[in-house]
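Residue-level structure breakdown
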Amino acid sequence: MTDPLKSAPVAYENEGFLNSADGRILRILSEYQEPLARFRREQIQDTVVFFGSARFKGRNDASSNLMSVENNPASVPEVQLEKDLKRAHAAVDMARYYEDARRLAHMLTKWSIEIPARRHRFVVTTGGGPGIMEAANLGAHEAGGKTIGLNINLEFEQNPNPYITPSLNFQFHYFFMRKFWFAYLAKGLVIFPGGFGTMDELFEILTLAQTDKLAKKILVVIYGREYWNRILNFQAFVDAGTVSQEDLNLFQIVDTPEDAFEFLRDGLTRYHLGGQPKKQAEVMPEIAKTRP
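Residues numbered from 1 in each chain as written. Predicted model: local features only at pLDDT ≥ 70, side-chain atom pairs only at ≥ 80, totals over all residues. Heavy atoms only, no water.

The next subject is the packing of aromatic side chains. One pass over the full model with this rule turns up 21 aromatic pairs. An angle of 35° between the planes, with centres 5.0 Å apart, marks the rings of F39 and F170 as tilted. With a gap of 131 residues between them, F39 in helix α2 (residues 24-41) and F170 in strand β4 (residues 169-172) connect regions that are remote in the sequence. Judged on exposure class, the residue F39 and its partner F170 are both buried. Seen from their ring centres, F51 and F182 are 4.8 Å apart, and the 70° between their planes marks the pair as edge-to-face. Note that F51 is positioned in strand β1 (residues 47-51) and F182 in helix α6 (residues 175-184), a separation of 131 residues in sequence. Among the aromatic residues, ring-to-ring pairing joins Y32, F39, F170, F172, F180, W181 and Y184 into one connected group. (Phe/Tyr/Trp six-rings, centres within 6.5 Å; stacked < 30°, edge-to-face > 60°. Helix = DSSP H or I, 4+ residues; strand = E, 2+ residues; numbered from the N terminus. Buried < 20%, exposed > 50% of the residue type's maximum accessible area, 1.4 Å probe, protein only.)

Ordered by their spatial adjacency, seven strands build an open sheet running β4-β3-β2-β1-β5-β6-β7, and the pairing between neighbours is parallel. A strand with exactly one partner marks an edge of an open sheet, and here the two such strands are β4 and β7 (252-254). Averaged over neighbouring strand pairs, the angle between their axes works out to 25° when direction is ignored. The pairing of strand β5 (residues 186-191) with strand β6 (residues 219-223) spans four bridges and is classified as parallel. (Pairing = 2+ DSSP bridges. Axes fitted to C-alpha atoms, helices over the stretch in contact; angles between N-to-C directions.)

Further remarks concern the nonpolar core. Counting residues in hydrophobic clusters, the biggest one holds 68 residues, and the most contacted among them are F50, F192, V220 and I222. With nine residues, helix α4 (residues 78-112) is the largest single contributor of residues to this core. With near-sequence residues (within four places) excluded, F192 lies in contact with F50, F51, G52, Y97, D100, A101, L104, I132, T198, Y223 and W228. (Core = buried A, V, L, I, M, F, W, Y, C linked by side-chain atoms within 4.5 Å. Contact = heavy atoms within 4.5 Å.)

A few words on a nonpolar patch on the surface. Residues I25, L26 and L29 make up a contiguous nonpolar surface patch of about 270 Å² in total accessible area. Along the polypeptide, L26 turns up in helix α2. On the basis of relative accessible area, L26 is assigned to the partly exposed category, the value being 37%. (Patch = residues over 30% accessible without salt bridge, like charges linked within 9 Å, V, L, I, M, F, W, Y side chains within 5 Å. Areas by Shrake-Rupley, 256 points an atom, 1.4 Å probe, with all protein chains shown as cover. Salt bridge = Lys/Arg side-chain N within 4 Å of Asp/Glu carboxyl O.)

We now examine the side chain of E42. Locating E42 in the fold gives a position in the loop between α2 and β1. Among the polar contacts made by the side chain of E42, one reaches the side chain of K146 at a distance of 2.9 Å. Setting aside chain neighbours within four positions, we find E42 in contact with H120, K146, S167 and L168. (Polar contact = N/O pair within 3.5 Å; in protein donor to acceptor, adjacent residues only side chain to side chain.)

Where α4 meets helix α10 (residues 257-272), the axes come as close as 9 Å, and the angle between the chain directions of the two elements is 35°. The way α4 lies across α10 gives a crossing that is right-handed. Contacts between α4 and α10 involve D100, R103, L104, M107, L108 and W111 from the former and P257, E258, A260, F261, R265, L268 and T269 from the latter. (Left-handed = near helix turned anticlockwise from the far one by under 90°.)

This part is about the environment of S53. Here S53 is to be found in the loop between β1 and α3 (59-71). Between the C-alpha atoms of S53 and K83, which are 30 residues apart in sequence, the distance is 20 Å. Sequence-distant contacts of S53, that is, excluding residues within four places in its chain, are made with P130, G131, I132, P193, G194 and T198.

Attention now goes to the pattern of salt bridges. One pass over the structure, following the stated rule, counts 16 salt bridges. Among the ionic pairs, D200 bridges to K179, the shortest N-O distance being 2.7 Å. Of the two residues, D200 is situated in helix α7 (residues 196-210) and K179 in helix α6; the sequence distance between them amounts to 21 residues. D200 gets classed as partly exposed once you look at its relative accessible area, which sits at 39%. Among the salt bridges present, the one from E226 reaches R230, with a minimum N-O distance of 4.0 Å. In this pair, E226 and R230 both sit in helix α8 (residues 225-231), four residues apart, roughly one turn of the helix. Under the relative-accessibility criterion, R230 is labelled exposed at 58%. In the salt-bridge network here, residues are joined through shared partners; they are D93, R96, E226 and R230.

Next up on the list: the packing of α2 against α6. Relative placement of two packed helices is described by the angle separating their axes and the distance separating the axes. Relative to each other, α2 and α6 sit at 30°, their axes nearing to 10 Å. The orientation of α2 with respect to α6, classified from their angle, is roughly parallel. For the crossing formed where α2 meets α6, the hand is right-handed. Mapping the contact onto sequence places I28, E31, Y32, P35, L36 and F39 in α2 and F176, M177, F180, W181 and Y184 in α6. Broken down by class, the residue content of the contact of α2 with α6 amounts to ten nonpolar, no polar and one charged. (Parallel < 35°, antiparallel > 145°, perpendicular 65-115°, else oblique. Nonpolar A, V, L, I, M, F, W, Y, C, P; charged D, E, K, R; others polar.)

Okay, the pairing of strand β2 (residues 123-126) next. The alternating pattern of β2 places V123 and T125 on one face and V124 and T126 on the opposite face, and all of these are buried. Where β1 and β2 come together, three bridges link them in parallel fashion. Its bridge partner being in β2, V49 is matched across the sheet by T125. Summarising the sheet, β2 and strand β3 (residues 147-152) pair through three bridges and their orientation is parallel. For T126, the partnering residue across the bridge sits in β3 and is G149. A crossover links β2 with its parallel partner β3, the connecting element being helix α5 (residues 132-142), and its sense is right-handed. (Right-handed = clockwise from strand over helix to strand, strands pointing away.)

In C-alpha cells form, the structure reads like this:
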C-alpha cells in the first residue's frame, strides 16, 4: 500500500516557482506593491532623494585611515603604499562632502518635521548604503525625522547603514524598480559627487523633466562645483546644440549646505506647499504623475 500523496504547496508559497523565470512578474509586482503598502502605512507623502558616492567616509574615519596608511604597520611595498596614500589623501579631501550631506539632511529634516501636515513631507531618502547615503540618513536621524533607505543586492558596497528608520528599510533585487521608487515620491533631488550610479540617476531625472514626462516639479541640486566642473561640461551640451540653454535651468549648482537648503526650502514651499488642501479621506501618497 503506497503512502498518501502530500498536498502540494499553494502557488504563493511555492519558493521554486516564485524564484523561477516564470515567477519574475510576481517578484516585480511585489517590489511595487510592498513598498507602496509600507509608504501608506508610514504616512510618507513625498521625499527628497540624496545621491552620491558610496565610497566617501566621514572626516574622522578618513583621517584615521590616512594615519594608519602612513604608519604602514603591514609593511606594504613602496609601489602599493604610494597608491594607498594617494587614495587615503583623496578620501580626506572628499570627506567634506560626507559632512556637508549630513548637515544638509539635518537642516532639511528639521525644517520638514515642523510643517503642519497629516503625512510626512520631504523625507530624506537614499540608496541605503555607506558614503553619502549614510551621511544623509545620519543627518536626518540626528534631526529626529524619519529617513528612508532603498537598498539593492550588490556584490560589494551595499549593506543597510544603521541610520535608516527600520520600518522604511527596503531591499530590492531589480534596479529598475528601485529607480522607480526613487522618482515616484521625489520632490527634490540632491546630487553629491559620485560615480556612474550617481550620474545615471542625475541624467534620468533631468531627462524626465526635460521631456515633460513628470506632472510635478522636481528640484534638482548639484552639489560641489569644483568636482562636477572637472567631470561634466554642461555648457558644452548647449554649444553643441544637443540641449537648449533653458535646459540648464533644470538644476542648480551649489557649494554649501546653507545654499542648498535655501534653494530646496524656497522651491519646495513654492511648488509643493501651496494650492488646495488634500481631501480628508485621502490615503494614497501623492505620487509622480506622468503626462498622458
